[in-house]
Amino acid sequence: MRKIADWGNYPVIEADVSGFDTTAQLQQKLEQPGEVIAFGNGRSYGDASLQNKILLTRRFNKLLSFDDATGELCCQAGVLLSEILEVFVPRGWFLPVTPGTKLITIGGAIAADVHGKNHHVDGSFGQHIRSMDIMRNDGSVVTCSPTQNADFFKVTIGGMGLSGIILNATFRLKKIESAYIRQETTRAANLDEIMDGFEASNDWTYSVAWIDCLAKGDALGRSVLMRGEHATETDLVEQLHKNARFKIKKGLPLGIPINFPDFALNPLSMKAFNFAYYNKTRPGTHQDIVNYNSFFYPLDAIADWNRIYGKRGFTQYQFVIPKEAGREGMRTILKRITESGLGSFLAVLKLFGEQDSFMSFPMAGYTLALDFPISVKAMALFKELDAMVADYGGRLYLAKDSRMDAAMFEKTYPNADEFRQVIAMLNEGSTRFASLQSKRIGITG
Ligand SMILES: Cc1cc2nc3c(=O)[nH]c(=O)nc-3n(C[C@H](O)[C@H](O)[C@H](O)COP(=O)(O)OP(=O)(O)OC[C@H]3O[C@@H](n4cnc5c(N)ncnc54)[C@H](O)[C@@H]3O)c2cc1C
């Protein structure tokens, strides 16, 4: 038994934790009866990969095949996105979709069906999976794809590890001409301006905004819009970049050695931490060439930044509301959040494109995400926010959740009931896939 938590350090539990190197070893582990869940790299924020018995997938991390003509890669599910980038960026390939951290596994990317800054153009990660092998609770292996065992494929994408252990997956990388991003940053004075900015960004592959949650009144929603494209050879006017198109300087991540003591965690220290990011941006519109790490993964540069929230831990409240409810809905919810003063200084805003999948989080609309240290007041606020999100026809992201109740899940995920039935059927037998989250929100008993 050992202590284990996901990224928010809430909850922290004692669990029987073990890994596997081969499918035979995994089969043996699944022969033991009881409940079990896969754990990728623990970058979900809450309890989605927590359970009394946890199977770590990180040692199952081989690259299996690559087709240089099409970019088709097959790898085991414990491979990190960062490991793929390290091997393939120098060869001119990039991930089709990436979240705001590269320290997640392929299994975690599929199980949460993660989204990136290009959702409006390229959809979520699951939409790029051509096929995968999954080990079921009885140790059998199912190969599935959008056309083969399609129902099983459908419930596994965004299925939070409840249909089985993803063993490997095949998907296509996309061709790039450099390791750099042509980035444009623009300040927006308020929510209307930033939403106009998103509406006008359909031609950009990547777009995201950081909202300053201290701004109130007419300045509510004051933000920085960041848009980007993979830099082409001609974009790289500076000789320095041209000579080494696929090389970027490696910096050691700056570490946070210990948990911040709780007394260090006050609104000021937390806000100062976020403030540094926001104020890097100068007023007006600016074009820069930046390396892919600074564009996609600014937080990865600070190792273990989650420790800044101290022992009590934190959670991220991420919701999406449909586009029709967008302006009014976002204004109402954001106003409530900024009035509370409980969340992080920065919130991340993004406009999703259409999504047609069974259990995935995205829907055409606006998504907002921000961190909250765990507190009684924050928990009460979340209840209020949940009601607003549900009324606007939105939902919460399971990968960030540690506290939603079963009623909220049921109300906001249209396929919740069918998903529960399918998982119950797949879980028949003495070994069952279940997480603390799946029990809390009523997917598994
Ligand atoms: C700084 C930061 C930024 C983030 N930004 C984004 C973002 O922009 N967009 C976004 O979508 N997400 C984002 N996330 C969330 C993160 O991408 C997801 O939570 C992802 O699922 C984490 O993957 P993991 O490998 O760490 O898996 P874990 O957190 O360990 O597990 C997540 C889920 O995947 C399941 N799982 C893991 N491996 C397997 C497997 N082999 N087979 C079956 N199930 C499996 C687990 O059971 C669990 O349900 C961010 C997280 C952090 C910390």
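Fair warning: this is a prediction, and the values are worked out from it, not measured in the lab.

A few points about empty space enclosed by the protein
If you walk through the whole model with that rule in mind, you get four cavities of 30 Å³ or more. Together, Thr315, Gln316, Tyr317, Gln318, Phe382, Leu396, Tyr397, Lys400, Asp401, Ser402 and Arg403 line the largest cavity. Of the residues forming the lining of the largest cavity, the biggest block, four residues, is contributed by strand S18 (residues 314–322). Residues belonging to the lining of the largest cavity are distributed by class as follows: four nonpolar, four polar and three charged. Residue lining of the second largest cavity: Ala111, Ala112, Gly158, Met160, Met359, Ser360, Phe361, Tyr397, Leu398 and Tyr413, and that is the complete set. A class-by-class count of the residues in the lining of the second largest cavity yields eight nonpolar, two polar and no charged.

Concerning the pattern of salt bridges
Overall, the coordinates contain 24 salt bridges when judged by the stated rule. Here Arg331 makes a salt bridge to Asp192, at a shortest N to O gap of 3.4 Å. Placement of the pair is Arg331 in helix H10 (residues 326–340) and Asp192 in helix H6 (residues 191–199), with a sequence separation of 139 residues. Where Glu339 meets Arg336, a salt bridge forms, and the shortest distance between an N and an O atom there is 3.9 Å. Of this pair, Glu339 and Arg336 both sit in helix H10, three residues apart, which is roughly one turn of the helix. Take Glu339: its relative accessible area is 47%, and that puts it in the partly exposed class. On the accessibility criterion, Arg336 (23% relative accessible area) is partly exposed. Put simply, Asp192, Asp196, Arg327 and Arg331 are held in one network by salt bridges that share partners.

What to know about the sheet that holds strand S10 (residues 165–172)
The strand order S5-S6-S10-S8-S9 describes an open sheet built from five strands, whose pairing is antiparallel. A single partner strand is all that each edge strand has here, and the edge strands are strand S5 (63–67) and strand S9 (141–144). Each strand of the sheet is rotated relative to its neighbour by a mean of 10°, with strand direction disregarded. Note that strand S8 (residues 129–135) and S10 share six bridges and pair antiparallel. When the sheet's bridge partners are listed, Met135 is paired in S10 with Ile165. Of the strands in this sheet, S8 and S10 are in contact with helix H1 (residues 23–31), which crosses S8 at around 50°. Against the sheet, helix H2 (residues 81–88) touches S5, strand S6 (72–76) and S10, its axis set at about 45° to S5.

A closer look at the nonpolar core
Core analysis: the largest hydrophobic core is formed by 110 residues, its most contacted members being Ile84, Phe94, Met132, Phe171 and Leu368. Dropping the residues within four chain positions of it, Ile84 is found in contact with Leu63, Leu73, Cys75, Val79, Val89, Leu95, Ile106, Phe171 and Leu173. Of all hydrophobic cores here, the second largest spans ten residues; its members include Phe20, Met135, Ile165 and Leu167.

Considerations on the layout of surface pockets
The computed volume of the second largest pocket comes to approximately 460 Å³. Lining the second largest pocket we find 21 residues, and of these Ile4, Ala5, Asp6, Asn9 and Asn306 sit closest to its centre. In terms of residues, the lining of the second largest pocket owes the most to one element, strand S1 (residues 2–5), which gives four residues. Looking at the lining of the second largest pocket residue by residue, the classes come out as six nonpolar, seven polar and eight charged.

Here is what the cut-offs are and how they apply
- Residues numbered from 1 in each chain as written.
- Predicted model: local features only at pLDDT ≥ 70, side-chain atom pairs only at ≥ 80, totals over all residues.
- Heavy atoms only, no water.
- 1 Å grid on protein atoms, 1.4 Å probe; cavity = no way out; pocket = protein on both sides within 12 Å on 5 of 7 lines; lining within 4 Å.
- Points joined across faces, edges and corners; volume = space filled by probe spheres on them.
- Helix = DSSP H or I, 4+ residues; strand = E, 2+ residues; numbered from the N terminus.
- Nonpolar A, V, L, I, M, F, W, Y, C, P; charged D, E, K, R; others polar.
- Salt bridge = Lys/Arg side-chain N within 4 Å of Asp/Glu carboxyl O.
- Buried < 20%, exposed > 50% of the residue type's maximum accessible area, 1.4 Å probe, protein only.
- Pairing = 2+ DSSP bridges.
- Axes fitted to C-alpha atoms, helices over the stretch in contact; angles between N-to-C directions.
- Contact = heavy atoms within 4.5 Å.
- Core = buried A, V, L, I, M, F, W, Y, C linked by side-chain atoms within 4.5 Å.

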